[in-house]
Number of protein chains: 2
Amino acid sequence: MTDIISFDPRTGSAVETVASETTPEELERICSAAAEAAEPLQAMGRARRARLLRAMADGLEADREAIVATADRESALGEQRLNGELTRTCYQFRQFADAVEEGSFVEATIDHAGDTPMGPRPDLRRMLVPLGPVAVFGASNFPLAFSVPGGDTAAALAAGCPVVVKAHPAHPATSLRCFDVLVRAAADGGAPEGVLALVHGTRAGADLVRHPAIRAVGFTGSERGGRALFDIASSRPDPVPFYGELGSVNPLVVTPEAARRRGEEIARGVVGSFTLGAGQFCTKPGLVFLPADDAGRKLEELMIGEVTEVPPFVLLTEGIRDAYEAAGTEGLAAQGREASEGWGARARLIATDAADLTEDAVQECFGPVTTVVRYRDESDLRAALERVPASLTATLLSERDEADLRGRVGRALREKAGRLVYDAYPTGVAVTWAMHHGGPWPASTNALHTSVGATSLRRFLRPVAWQGAAPEDLPDELADTPENPLPRRVDGRLEV
Amino acid sequence: MTDIISFDPRTGSAVETVASETTPEELERICSAAAEAAEPLQAMGRARRARLLRAMADGLEADREAIVATADRESALGEQRLNGELTRTCYQFRQFADAVEEGSFVEATIDHAGDTPMGPRPDLRRMLVPLGPVAVFGASNFPLAFSVPGGDTAAALAAGCPVVVKAHPAHPATSLRCFDVLVRAAADGGAPEGVLALVHGTRAGADLVRHPAIRAVGFTGSERGGRALFDIASSRPDPVPFYGELGSVNPLVVTPEAARRRGEEIARGVVGSFTLGAGQFCTKPGLVFLPADDAGRKLEELMIGEVTEVPPFVLLTEGIRDAYEAAGTEGLAAQGREASEGWGARARLIATDAADLTEDAVQECFGPVTTVVRYRDESDLRAALERVPASLTATLLSERDEADLRGRVGRALREKAGRLVYDAYPTGVAVTWAMHHGGPWPASTNALHTSVGATSLRRFLRPVAWQGAAPEDLPDELADTPENPLPRRVDGRLEV
């Protein structure tokens, strides 16, 4: 048995042993319990599931002080940021509760019996039902928003699926504390035992993805780790969907007029965005395209000035720090103030010409670094963008009167990104119905889905159609007069 | 270059050479053209795409006589059935046209800027956009409904994606004839060149799934062939979604009361269903659970009587005929009338006890055969159902006053199927909004999606969010006042 140890990134030293790696026998018990919990969780119905999600949010908030202190000690992200992260997570649980109550996510559809050119049609009713137990892999960089509590866990539970979380080794104590809060709320809310479980260790994680009881996987992390688990999920005898958010370089383009008219504002904005959370955001702008003209050069100078003043950061893990130190620094244009103890790192600005943009430079580098890419003209810019892999976001800073240019570059960026950001920075990810957090590979393993926002529920649901069923055999959502009304499509027409 | 030859199943002999296998160079040109066509096809907008789909339906109907004659000669399915199939396909093209015009499939969502507990939220607008070129693999058993014309092709074009079809070798002449009609309609409708292409040959099919331009794959066929292509799609450097409908045994359960009260009707109905289209329906009931009591035995006797009278069939291909002949006949209870020439086959009824239900018996066997499974009681039945793989459909024939039993068995069946059929037969698949044609593996490679009905569009679309975009940078669907109105979700509320 291997110990799971909690470290302090500010000192780089071990603080406590939190747990042991989950054994195969424990994993078997956990997955069986999750499978057993699936039917009773589904049977709770929408109203009780919504209450359960709200109780989980209440429980997290009631334990806020201790959760944030533990997360800060394990992540060095700072209490302000972590308080914001917890608020966001609770908001997301409550937004899912609203969506579950509203009910449109089940896509209830009724086609009454009738005639068609192919002959008589039977009564058909369709809705989405839970897929079954879901494995969730927490991320290092959002210990409270993409980890034990967070989007994937909340979405799967809202969909009616039991969840087994693989704790991220960067914050095992935070994981355990949050898990205890959520399990208590689940028990108080009458959820079946086994509805939520926590496992530790790399082997347990891989075995979890392989386990027959698991029907889908949510993952946020590196392209390498995500690909390995995706391959396991896809090579099962019965492959299961793997929703991974892997890597993203998030190109940001500054047009010539934007550089000319508001260089100072942009320099401050870009540096603030790429160093937010020590550059450990999946939406960090990692490539900043500037015009290779006077205004662009001035903007680059301003960025260099800003970066030089940036205080040192503490990175999340020794591995992230080591990878950051080992990353290429060719074209280094500026560095932030020197780091001293723990897993510290200095901000970095790299600069290159669009024509020289190499494969390496277009890989995501986790940490407070970005690459300025100077483009000579639109065709130079667009040729370079062709070499950029797909991303979660693409940002365009332009002036209102550059509509033609913006249209052309915007269309090119849209092929490569899940979210187009105009005149703002991509780092913030609002939790709303219209948010999309995903994109073509490698941003997501499956471009069809989002991991943030109300529609992320869709990942954990599958359709079932009932043909010719008697009223007593139909779920309430498909009754002619449902007890809990919801938006539906009846005989082809949406009814709200 | 290998010839692609059209055979006549009624004689088993070659009739004509239709084409050559697609070469790697031809495939490269085809995929490049499909990639080039993606943006102009999308730019056609919903109204023109709807017109295009209707023109394709019109074109198919105008050539009905020749298409049906060719398909009958290549498939031996009979002109009546093939006329019905073509009607169904045209209906599906037109239903997609209606869905494209109605517009709810793009899931347009607008969240205006506002305040949240996490601070101000930007203006966010989200809709689904086409994924890009789609590869479609036609099936042998529906030359007009799941082949060059058919659900996958219509859904991908409706979604705005160019399509490259891999022709099924069982009906190359039908494929080519339909392809010519569709290409002419596309050209007349102003669709970009490259919007639809046809390739031949196994190697070309595998290379197509590997090709970087292809963004998704639709497949209907065998579990072995589907798994091989799924593995190619999943092991690409950039994996793409593979929507395969593979194998399905479609359990059908007759309750004791149903057997007692209407055995004759059920015997006729079941035999009619499992021999429809020579038993070459993916929804064929392959396991028929009967009570092991007097009524059940009587029903089995009636089925034996029915089967004995069934005239011989002609199967679609030599391979299907050979596999049918090689399939196990242990427990053979009855055979239909003897077959003589061509790829003929006799109907078969196999019978076994639930306790003896073996792995082999629960594999799909293509052709006019089903297995009667006698169950002693409910627990015997449910234990046997546990061993049945997931299916497209599960059918329950019961009496209205058996609600408790039906509820319990229905819940067990729901875990294993995409469509629950009550007191009818599963072979028919209506084209409606509420249809679901899919299910957990191996019924589908991805349980989230359907390959029939309006929601099958969803497979070929991905979300994009626009943040802070000016009116001129938004698609019409996301404008404050769209020119072509559509159902949308605005600030969290559905508006129709």
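Conventions and cut-offs
- Residues numbered from 1 in each chain as written.
- Chains lettered and ligands numbered in written order.
- Predicted model: local features only at pLDDT ≥ 70, side-chain atom pairs only at ≥ 80, totals over all residues.
- Heavy atoms only, no water.
- Helix = DSSP H or I, 4+ residues; strand = E, 2+ residues; numbered from the N terminus.
- Rg over C-alpha atoms; globule rule 2.2 N^0.38 Å.
- Buried < 20%, exposed > 50% of the residue type's maximum accessible area, 1.4 Å probe, protein only.
- Pairing = 2+ DSSP bridges.
- Right-handed = clockwise from strand over helix to strand, strands pointing away.
- Domains from an automatic or database assignment.
- Contact = heavy atoms within 4.5 Å.
- Buried area = accessible area lost by both parts, 1.4 Å probe.
- Salt bridge = Lys/Arg side-chain N within 4 Å of Asp/Glu carboxyl O.
- Expected span 1.5 Å × (residues − 1).
- Least-squares fit on C-alpha atoms with pLDDT ≥ 70 in both.
- Axes fitted to C-alpha atoms, helices over the stretch in contact; angles between N-to-C directions.
- Polar contact = N/O pair within 3.5 Å; in protein donor to acceptor, adjacent residues only side chain to side chain.

Draft legend 1. Region of the structure containing the overall build of chain A. A tally of regular secondary structure across chain A gives 13 helices and 23 strands. Its C-alpha radius of gyration of 24 Å places chain A within 12% of the 23 Å reference for a compact globule of 496 residues. If one aligns the C-alpha atoms of chain A with their principal axes, the spans along those axes are about 75 × 60 × 40 Å. In chain A, which comprises 496 residues, the share counted as buried stands at 63%.

Draft legend 2. Representation of the pairing of strand β12 (residues 251-254) of chain B within the structure. Residues and elements named next belong to chain B. Burial of β12 is two-sided: the residues Pro251 and Val253 facing one way and the residues Leu252 and Val254 facing the other way are all buried. The sheet contact formed by β12 and strand β13 (residues 287-291) spans three bridges and is parallel. In the strand pairing of β13, Val253 is matched with Phe289. As for the winding sense of the linkage, the β-α-β connection from β12 through helix α9 (residues 256-275) to β13 is right-handed. In terms of strand pairing, β12 meets strand β19 (residues 391-397) through three bridges, oriented parallel. Directly across from Val253, in β19, lies its bridge partner Leu396.

Draft legend 3. Main features of the domain arrangement of chain A. Residues and elements named next belong to chain A. Examined at the domain level, chain A breaks down into domain 1 (3-246 + 447-478) and domain 2 (251-422). Listed as interface residues are 16 residues of domain 1 and, on the opposing side, 15 residues of domain 2. Interface of domain 1 and domain 2: buried area, both sides summed, is about 1,200 Å²; carbon and sulfur atoms make up 66% of it. Counting the surface domain 1 buries against domain 2, the share from its top three residues, Pro9, Asn141 and Glu245, is 34%. Scanning the region where domain 1 abuts domain 2 turns up zero salt bridges.

Draft legend 4. Helix α3 (residues 64-75) of chain A, seen in detail. Residue and element names in this part refer to chain A. Between its first and last C-alpha atoms α3 spans 16 Å; for 12 residues at 1.5 Å apiece the expected length is 16 Å, and the two agree. Ile67, Val68, Thr70, Ala71, Asp72, Arg73, Glu74 and Ser75 are the residues of α3 that are buried. Of the surrounding secondary structure, the elements contacted by the buried residues of α3 are β1 (3-8), β2 (13-20), α2 (45-62), α4 (79-102) and α6 (172-188). One or two steps after α3, the chain reaches Ala76, where phi turns positive at roughly 60 degrees.

Draft legend 5. Spatial organisation of the relation of the copies chain B and chain A. Of the transformation superimposing chain B on chain A, the axial component is 0.0 Å and the angular component is 180 degrees, with the fit at an RMSD of 0.0 Å. Here the copies are linked by what is in effect a two-fold axis. Scanning chain B for the C-alpha nearest the rotation axis identifies Ser234(B), at a separation of 3.3 Å. Same-surface contact between copies: 97% of interface residues of chain B are shared with the interface of chain A.

Draft legend 6. Region of the structure containing the sheet that holds strand β15 (residues 332-335) of chain A. Read from one edge to the other, the open sheet built from 12 strands follows the order β15(A)-β17(A)-β18(A)-β13(A)-β12(A)-β19(A)-β20(A)-β21(B)-β6(B)-β3(B)-β22(B)-β23(B), with strand pairing classed as mixed. In this open sheet, the two strands that pair with only one neighbour each are β15 of chain A together with β23 (493-495) of chain B. Strand-to-strand twist across the sheet, computed as the mean angle between neighbouring axes with direction ignored, equals 20 degrees. For strand β22 (residues 488-490) of chain B and β23(B), the ladder comprises three bridges, and the chain directions are antiparallel. Across the sheet, residue Arg489(B) finds its bridge partner in β23(B), namely Leu494(B).

Draft legend 7. Spatial organisation of the interface of chain B and chain A. Contacts between the two partners involve 78 residues from chain B, matched on the other side by 76 residues from chain A. When chain B packs against chain A, close to 6,400 Å² is buried across both sides, 56% of that on carbon and sulfur atoms. At the surface where chain B touches chain A, the tally comes to 10 salt bridges. Taking the shortest distance from any N to any O, the salt bridge between Arg406(A) and Glu472(B) comes out at 2.9 Å. On inspection of chain B and its partner chain A, the count reaches 44 residue pairs in polar contact (both at pLDDT 80 or more). Among the secondary structure elements, those contributing two or more residues to the side of chain B that touches chain A are α1 (24-43), α4 (79-102), β3 (109-111), β6 (124-130), α8 (223-234), α13 (403-414), β20 (417-422) and β21 (461-467) of chain B.

Draft legend 8. Spotlight on the environment of Gly151(A). Residues and elements named next belong to chain A. With respect to the helices and strands, Gly151 occurs in helix α5 (residues 151-159). On the basis of relative accessible area, Gly151 is assigned to the buried category, the value being 2%. Distance from Gly151 to Arg88, taken between C-alpha atoms, is 9.8 Å for residues 63 residues apart in sequence. Setting aside its immediate chain neighbours within four residues, Gly151 contacts Gln92, Phe96, Ala145, Ser451 and Arg459.

Draft legend 9. Geometry of the sheet that holds strand β21 (residues 461-467) of chain A. Spatially, the 12 strands line up as an open sheet ordered β23(A)-β22(A)-β3(A)-β6(A)-β21(A)-β20(B)-β19(B)-β12(B)-β13(B)-β18(B)-β17(B)-β15(B), and their pairing is mixed. In the strand order of this sheet, the two ends are held by β23 (493-495) of chain A together with β15 (332-335) of chain B, each with one partner. In this sheet, adjacent strand axes meet at a mean angle of 20 degrees when their direction is disregarded.

Draft legend 10. Representation of the environment of Arg346(A) in the model. Residue and element names in this part refer to chain A. By the secondary structure assignment, Arg346 is in the loop between β16 (344-345) and β17 (348-353). Taking the C-alpha atoms as reference points, Arg346 and Glu325, 21 residues apart in sequence, are found 9.5 Å from one another. Apart from residues lying up to four places away in sequence, Arg346 is in contact with Tyr324, Gln335, Gly336, Arg337, Glu338, Ala339 and Pro368. A polar atom in the side chain of Arg346 sits 2.9 Å from the backbone oxygen of Gly336.

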